[in-house]
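Now for the letters of each chain:
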Amino acid sequence: MKNQQAHVILILFLLFINITLQLTAQNIYKDSSVPIEARIKDLISQMTLAEKIGQMQQNHLSKKNDEVFNEIKLGKIGSFLNAGDINDKFELQKIAVEESRLGIPLIYGRDVIHGFKTIFPIPLGQAATWNPEIVKLGSAAAASEAAEVGIHWTFAPMVDISRDPRWGRIAESCGEDPYLAAKMGSAMVEGFQGNDLSSESSIAACTKHFVGYGAAESGKDYNTTIIPERYMRDIYLPPFKSCIDVGAATLMSAFNDINGVPASGNEFTLKRVLRDEWKFDGFVVSDWASMTEMINHGFCADETEVAYKSVKAGVNMEMVSQSYANNLEKLIKEGKVSEDLINEMVEGILRVKFRLGLFENPYKQLKEKSRTLSAEHLTAARESAEQSFVLLQNTDDFLPLSKLSKTIAVIGPLADDAQAQLGCWSPDGDPENSITPLKAIKQLLGEKTKVIFAAGLDNCRSTNTEKFAEAVTASEAADAVIMILGEDDLLSGESHSRAFIDLPGAQEELIKTIAETGKPIVLVIMAGRPLTFGNIVKDVKSILYAWHPGTMGGPAIANILFGNVSPSGKLPVTFPRTVGQVPIYYSHKNTGRPPSENQLGIKMGTPENPVGFASYYLDVDYTPAYPFGFGLSYTTFEYHDLKLSSNEILMGGKIEVSATIKNTGKYDAEEVVQLYVRDLFGNVTRPVKELKGFKKIHLKAGEEKVVTFSLSTGDLAFWNIDMKYAAESGDFTLWVGGDSQKGLKADFTIK
Ligand code: GLC
């Protein structure tokens, strides 16, 4: 009897232990006091293969129906993009958290690229501020507004280096230079993610498009990219590394074929560089169907091969297409893909979901007082726009205009186009919140100035000149004419490349027609890219480049034109004289025959005489219309006293470089002090100049400041002939100035 009793007790005890273990086992991943890595391991250990594959699926929520609900319940979907309003998100999340077997929360993504409801300047414009702080502020504002409606993750920042203004997505980029793009992109990541990803006002960033998407041949979107490894590592990869170094939670792969291997199946970029070298532990989401498009590329024969090559390369999550859902299980059963690899992919996704705090707070939403379209956000958007504008020309210091002008004519279809000024990728921006330039100019001038508006054209693409007459009449009645022209928001952005980058429609004709009135013209250009407008620069006094300035573009333009704020923007991208010069960028190689002067035209019958040949054109000045880093102010700055702590740097050491900048005009203003360096000789050819530092400073009229940069040999490293990242000893030149073409110059040597 006693034995029986003992036996029963033992069984009951073992049963109790087992249940306890089961219970505690199930609770580990739900226990926020446990380190995230342990929670991940525990959760993975409990997931079925189908549930793991489910986490690797992101769908676009086209409609809520039982099929979608059931897929979530079965753990077949890990994420949605564009998942409707907050109620839709909570409804789906409730199913995931309460009805699925393990209750893994969904992560919601959205393109919050340059603002959510409060739209900031397009990223190319934000890069023109050369002010990481204001860019960070803009992304933080966007994050808090998106978090209010339950968005957890934005598909930004885009840091594709682009040197081709034909490419429509240059609008979303931070321009042509790796150093500037790295500073701007990492500021955006810090703004989106804040100090704590689990905070209710933080959203996960997604640095994109990995990698080289901006090198699309002929500027056509989605086109082939051919990028030798040295250029990949020196130019296209650094901005991504900088974003990861500040904690970017995710990356997005890309549509383009990189040297014959599409970005979404590219083991060199996604595995060797991103994981093996950079130890990235977040996750990579594909671009929209970019995985299955590898069939179009001719890189995969079918979706089974798509799934195989994508997972082997290291794409954790598939956006919208279903190759993982339909093929991974089979590939594992056939032993072609290991479940360890699936575990690795799922770990990256779970890690971000844990870091976002979604397990503790699946209905994550910024609940405190709404900041959407708050005065604070609108002010930040206006200041960002003001600092993004680049003054390209100001003949006779014509700007700023007097607020006491009796009559001002405002001409142009973009003077009052609430949608156009929001720019591309502003899906959640409402044009009714925009304050247009026309409205803002009227508000600023008040009753004492008569403002006459005439669009002149039905829209920015129109060639119908019927409305020119009323524009001429308005101009003739005015003391000065403000023309607001350029591109509407649809002429840049995804798949919106242009082979010609002139002012669209009959805009040049309109400018010349208004110029015939003899009235002084201030031209404001809104655009998503550098445009070519050399034909009209003599017809106008001043040219202000406003990109697409966002919700508060109007007040920002009015403040600049009438002198409340001095323009301080600098070009983040080179402006060509003609599209025939593209690609054109400041950090070019010297070539064996660098041009020293133009050789425009060649007389008929000129004898073949190969003397003086150099790298120029017969039909256009080989220099850009406006160089990288260029931008005028209402004041003038004088640079003097360039000092180096030493003209020699020992390998591994650094020097201090300082210069004094004086505001020699009568306006308080900002100046972007730029440091460029040239490595005169290398075991591979080196660019004629590379940006290695910049500081935006405020100087009152007459004030002067000393600006100091630290320059280390590490800052001068490059991928050398042996494909090693290292600086080389030798001779260097540096410049400190207000743009990439001029500055105080000094030589130094690395010993
Ligand atoms: C688009 C874009 C990508 C965007 C994604 C989701 O095709 O290439 O930048 O984030 O799809 O909208």
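It should be emphasised that the depicted structure is a prediction, and the values quoted were computed from it without experimental measurement.

Points about the overall build of the chain
Here is step 1: The secondary structure content of the chain amounts to 20 helices and 26 strands.
Here is step 2: Overall, the chain is about 115 × 65 × 55 Å in size when its C-alpha atoms are taken along their principal axes.
Here is step 3: Residue burial in the chain is summarised as follows: out of 751 residues, 57% are buried.
Here is step 4: Across the chain, every contact between residues at least 6 apart in sequence was considered, and the portion connecting residues at least 24 apart equals 76%.
Here is step 5: Taken as a whole, the chain presents about 29600 Å² of accessible surface, with 52% of it coming from carbon and sulfur.
Here is step 6: Of the side-chain charges in the chain, 76 are positive and 94 negative, and the distance between the mean point of each set is 3 Å.

Digging into the sheet that holds strand β5 (residues 206-207)
What links the strands of a sheet is backbone hydrogen bonding, and the strands pair in either a parallel or an antiparallel sense.
Here is step 1: Within the open sheet, the three strands sit side by side as β5-β6-β9. Their pairing is parallel. Each edge of the open sheet is held by one strand with a lone partner, namely β5 and β9 (283-285).
Here is step 2: Relative to β9, strand β6 (residues 250-252) runs parallel, the two being bridged by three bridges. Bridged to methionine 252 within β9 is valine 285.

Brief notes about the nonpolar core
Here is step 1: In this structure, Leu350, Leu392, Met483, Phe533, Tyr545 and Trp547 are the most contacted members of the largest nonpolar core, which totals 153 residues.
Here is step 2: Among the elements that make up this core, the one with the highest residue count is helix α15 (residues 339-355) (eight residues).
Here is step 3: Each of domain 1 (381-561) and domain 2 (637-750) accounts for three or more of the residues forming this core.
Here is step 4: Discounting residues that sit within four places of it in the chain, leucine 392 has contacts with Phe533, Ile543, Tyr545, Leu571, Phe575, Tyr626, Phe630 and Leu632.
Here is step 5: Among the nonpolar cores identified, the runner-up in size contains 32 residues, and Val410, Cys460, Met526 and Ile557 belong to it.

Concerning α15
Here is step 1: Taking 1.5 Å per residue as the helical rise, α15 with its 17 residues ought to reach 24 Å, and the 24 Å between its terminal C-alpha atoms agrees with that figure.
Here is step 2: The buried fraction of α15 amounts to 13 of the 17 residues, a majority that puts the element mostly inside the structure.
Here is step 3: Within two residues after α15, glycine 357 carries a phi angle of roughly 80 degrees, on the positive side.

Overview of empty space enclosed by the protein
Here is step 1: Counted under the stated rule, the structure contains two cavities of 30 Å³ or more.
Here is step 2: Each pocket or cavity is described by its volume, and for the largest cavity that value is around 50 Å³.
Here is step 3: Forming the walls of the largest cavity are Ile113, His114, Gly115, Phe120, Gln126, Gly138, Ser139, Ala142, Met188 and Phe192.
Here is step 4: Residue assignment for the lining of the largest cavity shows that the elements contributing at least two residues are α7 (132-147) and α8 (178-193).
Here is step 5: Considered as a void within the structure, the second largest cavity measures approximately 40 Å³ in volume.

Side note on the packing of aromatic side chains
The geometry of an aromatic ring pair is captured by the separation of the ring centres together with the interplanar angle, meaning the angle of the planes.
Here is step 1: Scanning the model with the defined rule gives 25 aromatic pairs in all.
Here is step 2: Centroid distance tyrosine 29 to phenylalanine 359: 6.3 Å. Interplanar angle 85 degrees. Geometry classified as edge-to-face. Taken together, the residues tyrosine 29 in the loop between α1 (2-28) and α2 (36-46) and phenylalanine 359 in the loop between α15 and α16 (375-388) connect sequence positions 330 residues apart.
Here is step 3: Under the relative-accessibility criterion, phenylalanine 359 is labelled buried at 15%.
Here is step 4: Ring pairs connect the aromatic residues Trp130, Tyr179, Tyr586, Phe628, Tyr676 and Phe694, which therefore count as one cluster.
Here is step 5: One cation-aromatic arrangement involves arginine 163 over tyrosine 585; the distance from NZ or CZ to the ring centre is 4.2 Å.
Here is step 6: The ring of phenylalanine 299 is capped by lysine 309, whose NZ or CZ atom sits 3.8 Å from the centre of that ring.

A few points about the state of the cysteines
Here is step 1: Across all of its chains, the model carries zero disulfides by this definition.
Here is step 2: Distance from the sulfur of cysteine 206, which forms no disulfide, to the nearest cysteine sulfur (cysteine 243) is 11 Å.
Here is step 3: Cysteine cysteine 243 is unpaired, with the sulfur of cysteine 174 as its nearest cysteine sulfur at 8.0 Å.
Here is step 4: Of the residues examined, cysteine 243 reaches a relative accessible area of 0% and is grouped as buried.

Here we look at the layout of surface pockets
Here is step 1: Its volume calculated, the largest pocket comes out at about 1500 Å³.
Here is step 2: Along its surface, the largest pocket is lined by 49 residues, and Pro178, Arg233, Asp234, Ile235 and Pro238 are the ones closest to its centre.
Here is step 3: Those elements that provide at least two residues to the lining of the largest pocket are α8, α9 (229-236), α10 (238-245), α11 (267-277), β21 (690-699) and β23 (718-719).
Here is step 4: Ranked by residue count, the leading element in the lining of the largest pocket is α9, at six residues.
Here is step 5: Broken down by class, the residue content of the lining of the largest pocket amounts to 24 nonpolar, eight polar and 17 charged.
Here is step 6: One number sums up the size of the second largest pocket: a volume of about 740 Å³.
Here is step 7: Residues of the lining of the second largest pocket, tallied by class, amount to 13 nonpolar, nine polar and three charged.

Conventions we followed
Residues numbered from 1 in each chain as written. Predicted model: local features only at pLDDT ≥ 70, side-chain atom pairs only at ≥ 80, totals over all residues. Heavy atoms only, no water. Helix = DSSP H or I, 4+ residues; strand = E, 2+ residues; numbered from the N terminus. Buried < 20%, exposed > 50% of the residue type's maximum accessible area, 1.4 Å probe, protein only. Contact = heavy atoms within 4.5 Å. Areas by Shrake-Rupley, 256 points an atom, 1.4 Å probe, with all protein chains shown as cover. Lys, Arg positive; Asp, Glu negative; His and termini not counted. Charge placed at Lys NZ, Arg CZ, Asp CG, Glu CD. Pairing = 2+ DSSP bridges. Core = buried A, V, L, I, M, F, W, Y, C linked by side-chain atoms within 4.5 Å. Domains from an automatic or database assignment. Expected span 1.5 Å × (residues − 1). 1 Å grid on protein atoms, 1.4 Å probe; cavity = no way out; pocket = protein on both sides within 12 Å on 5 of 7 lines; lining within 4 Å. Points joined across faces, edges and corners; volume = space filled by probe spheres on them. Phe/Tyr/Trp six-rings, centres within 6.5 Å; stacked < 30°, edge-to-face > 60°. Lys NZ or Arg CZ within 6 Å of the ring centre and 35° of its normal. Disulfide = S-S within 2.5 Å. Nonpolar A, V, L, I, M, F, W, Y, C, P; charged D, E, K, R; others polar.

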